[in-house]
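Residue-level structural notes
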Amino acid sequence: LLSEDAVPLQECRDLIASLPVDHRVVPVRQYQGFWWPESTLPGVIAVQRHFKSRPDDVFLATYPKSGTTWLKSLAFAVTTRSQYPLSDHPLLQINPHQCVHSLERMFNRGRSSEIDALPSPRILATHMLHSVLPDSIAASDCRIVYLWRDPKDVIVSAWHFGEKVLGTREYQAEWPVDKVAMAHCEGISTHATIWDHILGYWRARMHRPEKILFLRYEEMLAEPAANLKRMADFLGCPFSPEEEKAGMVEEIVTLCSFNNLSGLAINKPSSDVTDEGTKLQLLNNASFFRKGERGDWRNHMSPEVARRMDEMTMEKLQGSGLSF
Ligand code: A3P
């Protein structure tokens, strides 16, 4: 007998089995115009069919490896700051991904009832493209914080992450960074290309600018306090003059900084385990922390390929009003 949470996943199985498949790296299926890792697709479809938003929901939307972990920690810390003293904060004990759930991942794991049970206002994260979000989110009053990052660094970060997910160096040997980047320029990627992902949310923002906040990873690194304040204002919990005077903004920035979070015992590597179903390594908390810098692409990408990526970024963003 299936649990209630597992029914939506079961329903998708036949549909997924009928979709075009590509096995070159990990099995991916083409769905609604984009390629998705087969292992995550049931969650995406289940969200489309069954997720019920609430008007005060907040979504943290990112292309994978754009700084989701950081955004989750900041959004969680800023919205719960009256509940937890920063010196004894949940982020010191648990990973940011346990503080803010990823919507499609929870559906994928048959844990959607935990999302239903969360008190309002909920903060949820998603990697789904704007065009595949269910109307229950896209056409709702929900607020969305979108974080984007230099596509070159996203590719490099994803490349390192790929090795951890697949648990093999063969992947990196067969798919060096330059090859991954060039494939991306040709539109070969999961979750759409980085540019299409960004532009989907950017265009949606044109229609409801007060509901979608755009943040950029590099700007957050350069001016974390100013960007945290923007996010607090947007989320309806601005810092009071007293809080600012007491140094609350800087304390949250420090709590969520790469050095602090990656140095915590909870975010140190634990023994790797393999998921019996997918044969992929289950990610340990440390997998989400690598360097946390801008410009690491210089150490991995050839200048020609970097130039091509920048050309693509310019071409794609041209005329959008979004500057790189
Ligand atoms: P690098 O691989 O370039 O170091 P995501 O969270 O979307 O999976 O993105 C992971 C990227 O964000 C990794 O980038 C990781 O190191 C970086 N990151 C994680 N936590 C961070 C933090 N607190 N501050 C800045 N960057 C962070």
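The structure reproduced in this document is the subject of the present report. (Residues numbered from 1 in each chain as written. Predicted model: local features only at pLDDT ≥ 70, side-chain atom pairs only at ≥ 80, totals over all residues. Heavy atoms only, no water.)

As for the environment of P176
- For P176, the position within the fold is in the loop between α9 (170–174) and α10 (177–185).
- A sequence separation of 124 residues divides P176 from H300, and the C-alpha atoms of the two residues are 8.9 Å apart. (Helix = DSSP H or I, 4+ residues; strand = E, 2+ residues; numbered from the N terminus.)

Observations concerning the layout of surface pockets
- In this structure, the second largest pocket occupies an estimated 450 Å³ of space.
- What lines the second largest pocket is a set of 19 residues, among which T79, T80, P121, R122 and I123 lie closest to the centre. (1 Å grid on protein atoms, 1.4 Å probe; cavity = no way out; pocket = protein on both sides within 12 Å on 5 of 7 lines; lining within 4 Å. Points joined across faces, edges and corners; volume = space filled by probe spheres on them.)

Looking at the site of the ligand
- Contacts to the ligand come from 17 residues, most closely from K65, T68, T69, S157 and K291.
- A distance of 2.6 Å separates an oxygen atom of the ligand from a polar backbone atom of K291.
- Calculation on the ligand without its partners gives an accessible area of 570 Å², and the protein chains cover 97% of this total.
- Looking at the shell around the ligand element by element, the count peaks at 3 residues for helix α3 (residues 68–79).
- When the residues that make up the shell around the ligand are grouped by side-chain class, the tally is 6 nonpolar, 7 polar and 4 charged. (Near = heavy atom within 4 Å. Polar contact = N/O pair within 3.5 Å; in protein donor to acceptor, adjacent residues only side chain to side chain. Areas by Shrake-Rupley, 256 points an atom, 1.4 Å probe, with all protein chains shown as cover. Nonpolar A, V, L, I, M, F, W, Y, C, P; charged D, E, K, R; others polar.)

A word on the environment of M314
- Within the fold, M314 resides in helix α17 (residues 303–317).
- According to the relative accessible area criterion, M314 is partly exposed, its value standing at 46%.
- Separated by 240 residues in sequence, M314 and L74 place their C-alpha atoms 29 Å apart. (Buried < 20%, exposed > 50% of the residue type's maximum accessible area, 1.4 Å probe, protein only.)

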